[in-house]
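Topology and contacts: notes
Residues per chain, in single letters:
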Amino acid sequence: AVNYGAIMEKYQSLNELGKFKRYMKKQFMINTNIDAFLQEMLDKKKAFNILSYKNQLKNKKVLIIEDSAKNDSWISQIENSSVIKFDTDHNFIDKRLEMITTIVNWLNGRKI
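Residues numbered from 1 in each chain as written. Predicted model: local features only at pLDDT ≥ 70, side-chain atom pairs only at ≥ 80, totals over all residues. Heavy atoms only, no water.

Section: the packing of helix H2 (residues 18–25) against helix H3 (residues 34–43)
Direction vectors running N to C along H2 and H3 enclose 130 degrees, while the axes themselves pass 10 Å from each other. One finds that H2 runs oblique with respect to H3. The chirality of how H2 crosses H3 is right-handed. On H3, the residues touching Phe 20, Lys 21, Met 24 and Lys 25 of H2 are Ile 34, Asp 35, Phe 37 and Leu 38. For the contact of H2 with H3, the per-class residue count stands at 5 nonpolar, no polar and 3 charged. (Axes fitted to C-alpha atoms, helices over the stretch in contact; angles between N-to-C directions. Helix = DSSP H or I, 4+ residues; strand = E, 2+ residues; numbered from the N terminus. Parallel < 35°, antiparallel > 145°, perpendicular 65-115°, else oblique. Left-handed = near helix turned anticlockwise from the far one by under 90°. Contact = heavy atoms within 4.5 Å. Nonpolar A, V, L, I, M, F, W, Y, C, P; charged D, E, K, R; others polar.)

A closer look at a nonpolar patch on the surface
Together, Leu 97, Ile 100 and Val 104 make up an exposed nonpolar region whose accessible area comes to about 300 Å². The residue Ile 100 is located in helix H7 (residues 96–107) in this model. Since its relative accessible area comes to 47%, Ile 100 is described here as partly exposed. (Patch = residues over 30% accessible without salt bridge, like charges linked within 9 Å, V, L, I, M, F, W, Y side chains within 5 Å. Areas by Shrake-Rupley, 256 points an atom, 1.4 Å probe, with all protein chains shown as cover. Salt bridge = Lys/Arg side-chain N within 4 Å of Asp/Glu carboxyl O. Buried < 20%, exposed > 50% of the residue type's maximum accessible area, 1.4 Å probe, protein only.)

Some remarks on unusual backbone geometry
A negative phi holds for most residues other than glycine; trans holds for most peptide bonds. The backbone of Asn 80 shows a phi angle near 60 degrees, a positive value even though the residue is not glycine. In this structure, Asn 80 sits in the loop between helix H6 (72–75) and strand E2 (81–85). Residue class for Asn 80 comes out partly exposed when judged on its relative accessible area of 46%. Despite not being glycine, Phe 92 shows a phi value in the positive range, around 55 degrees. When you line up the elements, Phe 92 lands in the loop between E2 and H7.

Describing H2
Within H2, burial applies to Phe 20, Lys 21 and Met 24. Looking straight down H2, one finds its buried side chains confined to an arc of 100 degrees; they lie on one side. Seen from the open side of H2, the exposed residues pointing more than 90 degrees away from its buried face are Lys 19, Arg 22 and Lys 25. Lining the buried residues of H2 we find helix H1 (4–8) and H3. (Arc of directions from axis to C-beta.)

Quick notes on the confidence of the model for the chain
The predicted model of the chain averages 90 in pLDDT, with 100% of residues at 70 or higher. Confidence scores differ between elements of the chain, with H2 showing the lowest mean pLDDT of 87 and helix H4 (residues 45–48) the highest of 96. (pLDDT = per-residue confidence, 0-100.)

Here's the deal with the nonpolar core
Within the largest apolar cluster, 10 residues are counted, these being Met 8, Tyr 11, Leu 14, Leu 17, Phe 20, Met 24, Ile 34, Leu 38, Met 41 and Leu 42. Put simply, the parts of the chain that give this core at least two residues each are H2 and H3. Ranked by residues supplied to this core, first place goes to H3 with 4 residues. When sequence neighbours within four positions are dropped, the list of residues in contact with Met 8 reads Leu 17, Phe 20, Leu 38, Met 41, Leu 42 and Lys 45. Judged by nonpolar contacts, the second largest core, of 7 residues, contains Leu 63, Ile 65, Phe 86 and Met 99. (Core = buried A, V, L, I, M, F, W, Y, C linked by side-chain atoms within 4.5 Å.)

See the structure below:
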């Protein structure tokens, strides 16, 4: 889970994004113009902030999958959410089958 809107709160321009911008450019799965993508996130910080939707989300079941506790502060504000933490790397390389099973069980209303 990541809350890009909250991350962008501390930035005003693309020039300030340095290290984060370089990291995003390495993400091959983001098949878009990174500068345009990051500029849109800067321009629409509130829309990209998950907590902007916490009132709407409290009436829905939400599954959040994590690999660490680094996002606990904002995740704890999402009511009615289930949080699963896998002890793994950022890409869940060694937990993908377990993650798939967890998601399917959650979708089918089984206890996770």
